[in-house]
Amino acid sequence: MNSKLLYFFATVLVCVNAEVYSEYEEGYPISGHFSKRHPRDVTWDKQVGGGKVFGTLGQNDDGLFGKAGYNREIFNDDRGKLTGQAYGTRVLGPAGDSTNYGGRLDWANKNAEAAIDINRQIGGRSGMTATGSGVWDLDKNTRLSAGGMVSKEFGHRRPDVGVQAEFRHDW
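Residues numbered from 1 in each chain as written. Predicted model: local features only at pLDDT ≥ 70, side-chain atom pairs only at ≥ 80, totals over all residues. Heavy atoms only, no water.

Some points on the pattern of salt bridges
So the rule is basically this: Here, a salt bridge means any side-chain nitrogen of Lys or Arg that lies within 4 Å of a carboxyl oxygen of Asp or Glu. Remark: exposure states derive from per-residue accessible area (1.4 Å probe, protein chains only) relative to the maximum for the residue type, with buried under 20%, exposed over 50%, and partly exposed in between. For helices the rule is a DSSP run of H or I covering at least 4 residues; for strands it is a run of E covering at least 2, with both sets numbered from the N terminus onward.
Tallying each qualifying case throughout the model produces 8 salt bridges. The salt bridge partner of Asp77 is Arg79, with a shortest N-O separation of 2.8 Å. With relative accessibility at 36%, the residue Asp77 sits in the partly exposed group. Between Arg125 and Glu153 there is a salt bridge, and its shortest N-O distance comes to 3.7 Å. Pair noted here: Arg125 is in the loop between β8 (112-121) and β9 (126-139) and Glu153 is in strand β10 (residues 142-153), with a separation of 28 residues, a long-range link. Residue Arg125 is classed as partly exposed on the basis of its relative accessible area, which comes to 43%. Each member of the salt-bridge network shares a partner with another, and the members are Arg104, Asp106 and Asp117.

Following this line, the structure appears as structure tokens:
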């Protein structure tokens, strides 16, 4: 009976030792067992027509992702600067996947800026966000600054709205 118990413990010891040894290659842990992988992203951009095509492909511990889009400056003169962008993203992961696309317009001059972004998730909802802000000098010691935003996810009843203003006079 003691010899059977001795053989049992010896067998368990050999199996445990073999399992621990198989997780190492040449004295170092096998990648993924004990250390996190570093993300490997590939980013590119290229001038096309009057704008730029851009993109990123990569992976991290959450999954694979890809982003791509087109950015173009529509005008840049005394009216200000207006740029437009169309974009899309795709994420593949163990918890599921998602696809988003949208468009954005940005306008700015020396006193104010505004932006509108419209987006859509495939199999989900569409949304819109608009923001604007500005600073105006009323005289050499007085400034008025104001800003606001509206965000709406279509299919819901009420948008989120925020407004802020400041009147400042330096004595």
